[in-house]
Amino acid sequence: MASIQILNQIKKKNLETMNMESGSTKVRILIHTGTCGYAAGARKILEAAKNISAASDLPVDISLSGCIGLCASEPNVTIMRKGEASVIYQKMTPEKMAEVFENHVKAGAPVMSHALACKDMSGFDLKKIDELDFFKSQVLFTMRNKGVIDPESIDEYIARDGYFAALKAVTEMESEQIIKEILASGLRGRGGGGFPTGRKWDIAFNNKSDVKYIICNADEGDPGAFMDRSILESDPHSVLEGMIIAAKAFGATHGYIYCRTEYPLAIKMLEKALAKAREYNFLGRNIFGTGMGLDIEICQGAGAFVCGEETALMLSIEGKRGMPRPRPPYPAQKGLFGKPTVINNVETLSTVPSIIREGAEAYSSMGTLTSKGTKVFAMSGSINTVGLVEIPMGISLRSLIFDICGGIPNKRKFKAVQLGGPSGGCIPEAFLDTPVDYEAIIQAGAIMGSGGVIVMDETSCMVDMARFFIDFIKDESCGKCTPCREGSSRLLEILDRITTGEGKDEDIAELEELSEFIKSTSLCGLGQTAPNPVLSTLRHFRHEYEAHIKDKKCPAKRCASLLEFKVDTEKCTKCGLCFKACPAKAILWQKKQAASIDRDKCTKCLSCYKACRFEAIL
Ligand SMILES: Cc1cc2nc3c(=O)[nH]c(=O)nc-3n(C[C@H](O)[C@H](O)[C@H](O)COP(=O)(O)O)c2cc1C
C-alpha cells in the first residue's frame, strides 16, 4: 500500500541511480527518444551506444528519455557522471556517439565540438542549458520532467516528486478543497477554449450520480501542434496523476484517454504507465488504501479532427460515429453514456499535480490578470529553432519568436504568425508585441488555441495560407451541419479561384459575408471558427487578396498560376542556385551565364523561386 514513507523511499533510491545525488558510480547515458528524436535518427544512436558499451567493461547505464524540447537539435544525448555537470550533446550520429564514449564516458573529457550545454551545474567551459536563449525565459512547470526522466520508469517519476500530489489529494484533501485550489490557481483549459478547469470540475462535483467519468483529450489534430504528444511521450504519469486528482475532485469512477492512433509512441508510453500505476495501487479498486476506485483505459481514435470536439469524442468512445451535438447539456451535466463527464486536455491534466504539490499561488503568481501560469507552445514554420517552449503567460509573441526561437532563417523577413490551429488566425508584424494571453490574442485577430504556432516569412502568400487551412477544415468537417459542410466548400471554391488568377471583384465581399454566416450558424466549434483564417488574413492582408484579384499577381510569388516562370536576366546573378534546386531539370544554366527556364519541362513546383535570392524569377 503506497504511503508517504514508501514514496519517499522510492524517491531516495532513484535519485541516486538517476545520478541526481551522489552515490552511483555508473555513467548514465540518456538517449532522448521522443518521436522527433526517432525521426532524427535516435534509434541508430541507441544501437551505437549499446554496442559500444557492450564492447567495453565500463559500468554504464543506458536509459531513454523524452525530447528536451529543442527538437531542432535532435538527436540529443545526455551524459551524466557523479559529481560532474551533465553534458547534453546535439545532432548526434553513431560516429559522434563513439567519439563521446571514448572521450567523455571513458576518460571524463567532454567532446566540446558536439556539446550543446551542460545541465544541473556549471562546468567544462560550457553554458548551462538554462543560459541558452532558447531556455532562458522558459519556466518548466508543466514540462518539468521532459528529457529528465525515463518515461517508462514510474520510480523515476516518483523520484521527481511524482504521485505525491495524488497521495495528498486522495488521502488528505476533500473534493471541495481540491476544486478550490485549482480555481485559485487560475488554470484554464489548454485544449483551446480556455474554460476554467476548477469551474468545470465544480459543475461535475455538484451533479450527483452513481457513475462519473474523467476523459483525457489526447486527440491533438491541429496542424503544427505537438505539445500533447510530447507530454505523453516524455511524462505520461503526470497525465495519469492529473486524472486521479480530477477523479477525486468530482467523484469520477472511470477514466478514458482518447488518443489518436497516429501517436503510437505516446500510446506505448501510456500503456506502460497504466500497467505500472495499477501495479503500485495508484489505480484500481482501493487507491492508496482509501477505498477510492478508479481505472483508466485508452481509447484509440482514428484521427478525425472533429473527434477532438468533446461531444463528438464521447460518441466515438461509445463506439458511434464521432459527430458533435448541440450543447447544453454540457458533458459535465450529461456526458459519456449519459453520465456526468469531465473532459480535459493533456496539458491541462499534466499541470494539475504540480499545482496541488506547489500550491495555487505558485501557479497564479505567473501570467497575466486573466491568463495565469505557463503555456506550452509548439513552434514550427520559418523559424530558426523549432521545438517546444513553456513560458509564463504574458510574454510577447515577438519575444517568443525572436528572443527564444531565434527569429527567421535565411535572412528573410517575418510576415505573420498563425496561432490557434486551422481555425485560428494570423497576426502580422504590427501586432507582435501582443502578450500571450487568451483575451489579448483574440483582440489581435487570432485565438490561443491549443498552442501550435506556425511562423511565416515573406515568401508565404496569405491568400494561399487561408486556402490551405480552409481545405483542411473542409476535409475535416463531419458534414452534420450545413453551414460548416457547404460553407467551407464554398469558401474553398472562392479561394481556389483567387489563387489561380480567376478571382472576381465581388469575391472579397462574398468571402466576408459567407464567413460571418458560417460563424454564426454552425453547430460546433469547428464551423464556428472555420472562417477565421479567411477573416484574419482579410483583416491584416487585404491588399494581397486585391493584388491576386485585380492585378492577377501573387506578391509573395507563391501561387504558381500567377507566375510567369521566366528569368529576369538583369537581376540574375548567374549563381546557379535555381539550377541546383530544380527537380525537373527545367533550368538551363552554365557557369557565368544567366539561367533560363524550359517551360515544357517545368512542373511549376516553385523550387527555383524559393532557391533564388535575387528575385530574378518572375
Ligand atoms: C473541432 C474541434 C477539435 C478539438 N480538438 C481538440 C483536441 O485535439 N484536444 C483537446 O484537448 N481539445 C480539443 N478541442 C476542445 C475540446 O472540445 C474541449 O474543449 C477540451 O478538450 C476541454 O479540455 P480543457 O478544458 O482542458 O481545454 C477541440 C474542439 C473542437 C471544436
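Source: prediction; values computed, not measured.

A. Spotlight on the overall build of the protein. From N to C terminus, the protein includes 24 helices and 17 strands. A globule of 618 residues ought to have a C-alpha radius of gyration of about 25 Å, and the protein, at 26 Å, matches this closely. C-alpha extents for the protein along the principal axes are approximately 75 × 65 × 40 Å. Of the contacts formed within the protein by residues at least 6 apart in sequence, a portion of 70% connects residues at least 24 apart.

B. Here's a closer look at the nonpolar core. Of all hydrophobic cores here, the largest spans 76 residues; its most connected members are Tyr163, Trp201, Ile214 and Phe282. Here this core takes 9 residues from helix α11 (residues 236-250), the largest share from any one element. Ile68, Ile391, Val417 and Leu432 belong to the second-largest nonpolar core, a separate cluster that totals 35 residues.

C. Spotlight on the packing of helix α9 (residues 197-206) against α11. Between α9 and α11, whose axes approach to 8 Å, the crossing angle comes to 45°. Judged by the inter-axis angle, α9 sits oblique to α11. Contacts between α9 and α11 pair Trp201, Ala204 and Phe205 from the former with Ala246, Ala249 and Phe250 from the latter. Its residues placed into classes, the contact of α9 with α11 shows 6 nonpolar, no polar and no charged.

D. Summary view of helix α8 (residues 175-185). Taken together, the buried positions of α8 are occupied by Ser175, Ile178, Ile179, Ile182 and Ser185. Viewed end-on, α8 has its buried residues packed into an arc of 125°, placing them on one side of the element. The inward-facing, buried residues of α8 contact α7 (164-172), α9, α11, α14 (346-358) and α15 (360-364). Just beyond α8, the residue with positive phi is glycine 186, at close to 80°.

E. Structural detail: the sheet that holds strand β13 (residues 414-419). Read from one edge of the open sheet, 5 strands run β12-β11-β15-β13-β14, paired in mixed fashion. Where the open sheet ends on each side, the last strands, each with one partner, are β12 (387-392) and β14 (425-428). Averaged over all pairs of adjacent strands, the angle between strand axes in this sheet comes to 30°, irrespective of strand direction. By the bridge criterion, 6 bridges tie strand β11 (residues 374-381) to β12 in an arrangement that is antiparallel. Bridge assignment links methionine 379 to a residue of β12, and that residue is glycine 387. Each of β11, β12 and β15 (452-457) touches helix α10 (residues 227-234); the most contacted strand, β11, lies at about 115° to it.

F. Examining helix α12 (residues 264-279) more closely. Its 16 residues place the ends of α12 23 Å apart at the C-alpha level, agreeing with the 22 Å of an ideal helix rising 1.5 Å per residue. Considered for burial, the residues of α12 that qualify are Leu265, Ala266, Ile267, Met269, Leu270, Ala273, Leu274 and Ala277. Where α12 is buried, its residues meet α2 (35-39), α6 (154-159), α10, α11, β7 (254-260) and β9 (292-301). Asparagine 281 sits one or two positions beyond α12 and adopts a positive phi of about 70°.

G. Seen up close, the site of the ligand. Around the ligand, 18 residues are found, and the nearest of them are Gly191, Lys200, Glu220, Asn345 and Thr348. One of the backbone nitrogen or oxygen atoms of glutamate 220 is found 2.8 Å away from an oxygen atom of the ligand. Relative to its unbound accessible surface of 610 Å², the ligand loses 87% to contact with the protein. Mapped by element, the contributors of at least two residues to the shell around the ligand are β10 (341-345) and α21 (525-529). In terms of residues, the shell around the ligand owes the most to one element, β10, which gives 3 residues. Among the residues making up the shell around the ligand, the classes are represented as 3 nonpolar, 9 polar and 6 charged.

H. Broad picture of the side chain of lysine 212. Here lysine 212 is to be found in the loop between α9 and β6 (213-218). Buried and unpaired, lysine 212 has no salt bridge, with aspartate 210 as the nearest side chain of opposite charge at 9.3 Å. One polar contact links the side chain of lysine 212 to the main-chain carbonyl oxygen of alanine 204, over a distance of 2.9 Å. A distance of 2.9 Å separates the side chain of lysine 212 from the backbone oxygen of phenylalanine 250, its partner in a polar contact. Excluding residues that lie within four positions of it along the chain, lysine 212 makes contacts with Ala204, Phe205, Asn207, Phe250, Gly251, Ala252, Thr253, His254 and Pro340.

I. Structural view of a negative patch on the surface. A surface patch of negative charge is lined by Asp505, Glu506, Glu510 and Glu513. Relative to the assigned elements, aspartate 505 resides in the loop between α19 (482-499) and α20 (507-521). Exposure remark for aspartate 505: the relative accessible area of 60% places this residue in the exposed category.

J. Summary view of the pattern of salt bridges. Scanning the model with the defined rule gives 31 salt bridges in all. One salt bridge in this structure joins glutamate 156 and arginine 28, with 2.5 Å as the shortest N-O distance. With a gap of 128 residues between them, glutamate 156 in helix α6 and arginine 28 in strand β1 (residues 27-32) connect regions that are remote in the sequence. Arginine 28 shares its class with glutamate 156; the two are buried. Of the charged contacts in the structure, one is a salt bridge between arginine 490 and glutamate 486, with a shortest N-O distance of 3.2 Å. Remark: glutamate 486 and arginine 490 occur in helix α19; sequence separation between them is 4 residues, near one turn of the helix. Connected through salt bridges with shared partners, the residues Arg485, Glu486, Arg490 and Glu493 form a single ionic network.

K. Highlighting the environment of leucine 270. Tracing the backbone shows leucine 270 in helix α12. Leucine 270 gets classed as buried once you look at its relative accessible area, which sits at 0%. Distance from leucine 270 to leucine 187, taken between C-alpha atoms, is 24 Å for residues 83 residues apart in sequence. Those residues in contact with leucine 270, other than ones at most four positions away along the chain, are Leu232, Pro236, Leu240, Ile257 and Ile298.

L. Fine view of the state of the cysteines. All chains considered together, the criterion is met by 0 disulfides. Summary of cysteine pairing: cysteine 524 is not part of a disulfide, and the nearest cysteine sulfur, belonging to cysteine 484, is at 6.3 Å. For cysteine 524, a relative accessible area of 10% corresponds to the buried category. Not part of a disulfide, cysteine 578 finds its nearest cysteine sulfur in cysteine 572, a span of 6.2 Å. Accessibility expressed as a relative area gives 10% for cysteine 578, which makes it buried.

M. The arrangement of the sheet that holds β7 in detail. Here 5 strands make up an open sheet; going across it, the order is β8-β9-β7-β6-β10 and the pairing mixed. The open sheet has two free edges, formed respectively by β8 (284-287) and β10, since each of these has just one partner strand. Looking at each pair of strands side by side, their axes are set apart by 25° on average, direction ignored. One ladder, built from 7 bridges, connects β7 with β9; its direction is parallel. The residue of β9 that forms the bridge with glycine 255 is isoleucine 296. Sitting on the sheet, α12 touches β7 and β9, and the angle it makes with β9 is about 165°.

Thresholds, definitions, all that
Residues numbered from 1 in each chain as written. Predicted model: local features only at pLDDT ≥ 70, side-chain atom pairs only at ≥ 80, totals over all residues. Heavy atoms only, no water. Helix = DSSP H or I, 4+ residues; strand = E, 2+ residues; numbered from the N terminus. Rg over C-alpha atoms; globule rule 2.2 N^0.38 Å. Contact = heavy atoms within 4.5 Å. Core = buried A, V, L, I, M, F, W, Y, C linked by side-chain atoms within 4.5 Å. Buried < 20%, exposed > 50% of the residue type's maximum accessible area, 1.4 Å probe, protein only. Axes fitted to C-alpha atoms, helices over the stretch in contact; angles between N-to-C directions. Parallel < 35°, antiparallel > 145°, perpendicular 65-115°, else oblique. Nonpolar A, V, L, I, M, F, W, Y, C, P; charged D, E, K, R; others polar. Arc of directions from axis to C-beta. Pairing = 2+ DSSP bridges. Expected span 1.5 Å × (residues − 1). Near = heavy atom within 4 Å. Polar contact = N/O pair within 3.5 Å; in protein donor to acceptor, adjacent residues only side chain to side chain. Areas by Shrake-Rupley, 256 points an atom, 1.4 Å probe, with all protein chains shown as cover. Lys, Arg positive; Asp, Glu negative; His and termini not counted. Salt bridge = Lys/Arg side-chain N within 4 Å of Asp/Glu carboxyl O. Patch = residues over 30% accessible without salt bridge, like charges linked within 9 Å, V, L, I, M, F, W, Y side chains within 5 Å. Charge placed at Lys NZ, Arg CZ, Asp CG, Glu CD. Disulfide = S-S within 2.5 Å.

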